[in-house]
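The primary structure of each chain is shown beneath.
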Amino acid sequence: MRPALDAVLFDLDGTLLDTAPDFHWTLNALLAEEGQPEIGFDLLRAHVSNGARAMVGAAFELTLDDPRFDRLHQRMLALYETHLAVDTCLFEGLDTLLTTLESNSIPWGIVTNKPERYTTPLLKGLGLTERAGTVICPDQVNLRKPDPESLFLACSEINRRPEHCVYVGDHIRDIEAGRRAGMRTVAAGYGYVDADDSIEDWQADHNIQHGSELLPLLNSLYSMD
């Protein structure tokens, strides 16, 4: 008999949501302000999971110690706040998954390193706030992923056992955090994975290459009703 599934938790950028289009707009708006040429989408997409600093560094070809860096970084964040949920959307196949989980009273949630300042209005703009059973941002914990603290907090909020939960992420830190929390882990190969990285090296329990693969995978592993 397949075990019951307690909950599914997701990383946000590059796992649950395709946020790259709005980051692409943001960086190109900043480049235009600075009189610089636009950055290509594929180049930007490869840096999204590494955060705003990595995106600014890639767009302007700067190191963190460049005297212009902090100003550009802060301006990029300000621009992003005005363009959070314009072209961002759920990855294909995940809305069906979320609806299936909800219809079977299986909670789902988000555990992200994205600060609450951006996460909360983004989820509100996409109509996901009331649907998520828990949303944990770095503001709520002492240690970010790959430490498992945020995953344990998410389980506590929805009153579920980590060992019966699944965590899905597109970065090795997500998989490490999930493993350290005792969860089953799924590596999202469709996300913002570095070109020189390989999800097979992350030691996740399962690897997928498209969001539509997640529901059949969970159905094969767990009782969903």
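It should be emphasised that the depicted structure is a prediction, and the values quoted were computed from it without experimental measurement.

Draft legend 1. Up close: the overall build of the protein. Broken down by element type, the protein carries 9 helices and 8 strands. Whereas a compact globule of 225 residues would reach a radius of gyration of roughly 17 Å, the protein reaches 18 Å, a difference of no more than 12%. Overall, the protein is about 60 × 35 × 35 Å in size when its C-alpha atoms are taken along their principal axes. Per-residue burial for the protein yields a buried fraction of 52% across its 225 residues. In the protein, 65% of the contacts between residues at least 6 apart in sequence involve partners at least 24 apart.

Draft legend 2. Spatial organisation of the sheet that holds strand E5 (residues 134-136). In spatial order, the strands read E5-E4-E1-E6-E7-E8; together these 6 strands make up an open sheet with parallel pairing. Two strands close off the open sheet at either side, each with one partner strand: E5 and strand E8 (206-208). This sheet shows a mean twist of 20 degrees between the axes of neighbouring strands, independent of strand direction. Bridge count between strand E4 (residues 108-111) and E5: 3 bridges; the pairing is parallel. Within E5, the residue paired with Ile110 across the bridge is Val135. Packing against the sheet, helix H7 (residues 149-158) makes contact with strand E1 (7-10), E4, E5 and strand E6 (165-169), and its axis sits at approximately 155 degrees to E5.

Draft legend 3. Geometry of helix H1 (residues 20-33). The end-to-end C-alpha distance of H1, which contains 14 residues, comes to 20 Å, matching closely the 20 Å that a straight helix rising 1.5 Å per residue would cover. For H1, the buried fraction is high: 10 of the 14 residues fall into the buried class. For H1, the full list of buried residues reads Ala20, Asp22, Phe23, His24, Thr26, Leu27, Asn28, Ala29, Leu30 and Leu31. Just beyond H1, the residue with positive phi is Gly35, at close to 70 degrees.

Draft legend 4. Examining the nonpolar core more closely. Ranked by internal contacts, the top residues of the largest apolar core, which has 55 residues, are Leu5, Phe10, Leu16, Met76, Trp108, Leu214 and Leu218. Counting 14 residues, the second-largest nonpolar core is a separate cluster that includes Ala7, Leu9, Val111 and Leu151.

Draft legend 5. How the structure looks around the environment of Asn142. Checked against the element boundaries, Asn142 lands in the loop between E5 and H7. On the basis of relative accessibility, which here comes to 73%, the residue Asn142 falls in the exposed class. For Asn142 and Glu38, which are 104 residues apart along the polypeptide, the C-alpha to C-alpha distance reads 37 Å.

Draft legend 6. The arrangement of the packing of aromatic side chains in detail. Using the criterion set out here, one finds 5 aromatic pairs in the structure. Plain terms: the ring middles of Tyr80 and Tyr118 are 5.9 Å apart, the flat faces sit at 45 degrees to each other, and that makes the pair tilted. With Tyr80 in helix H4 (residues 69-81) and Tyr118 in helix H6 (residues 116-125), the pair connects residues that are 38 residues apart, well separated along the chain.

The rules behind these values
- Residues numbered from 1 in each chain as written.
- Predicted model: local features only at pLDDT ≥ 70, side-chain atom pairs only at ≥ 80, totals over all residues.
- Heavy atoms only, no water.
- Helix = DSSP H or I, 4+ residues; strand = E, 2+ residues; numbered from the N terminus.
- Rg over C-alpha atoms; globule rule 2.2 N^0.38 Å.
- Buried < 20%, exposed > 50% of the residue type's maximum accessible area, 1.4 Å probe, protein only.
- Contact = heavy atoms within 4.5 Å.
- Pairing = 2+ DSSP bridges.
- Axes fitted to C-alpha atoms, helices over the stretch in contact; angles between N-to-C directions.
- Expected span 1.5 Å × (residues − 1).
- Core = buried A, V, L, I, M, F, W, Y, C linked by side-chain atoms within 4.5 Å.
- Phe/Tyr/Trp six-rings, centres within 6.5 Å; stacked < 30°, edge-to-face > 60°.

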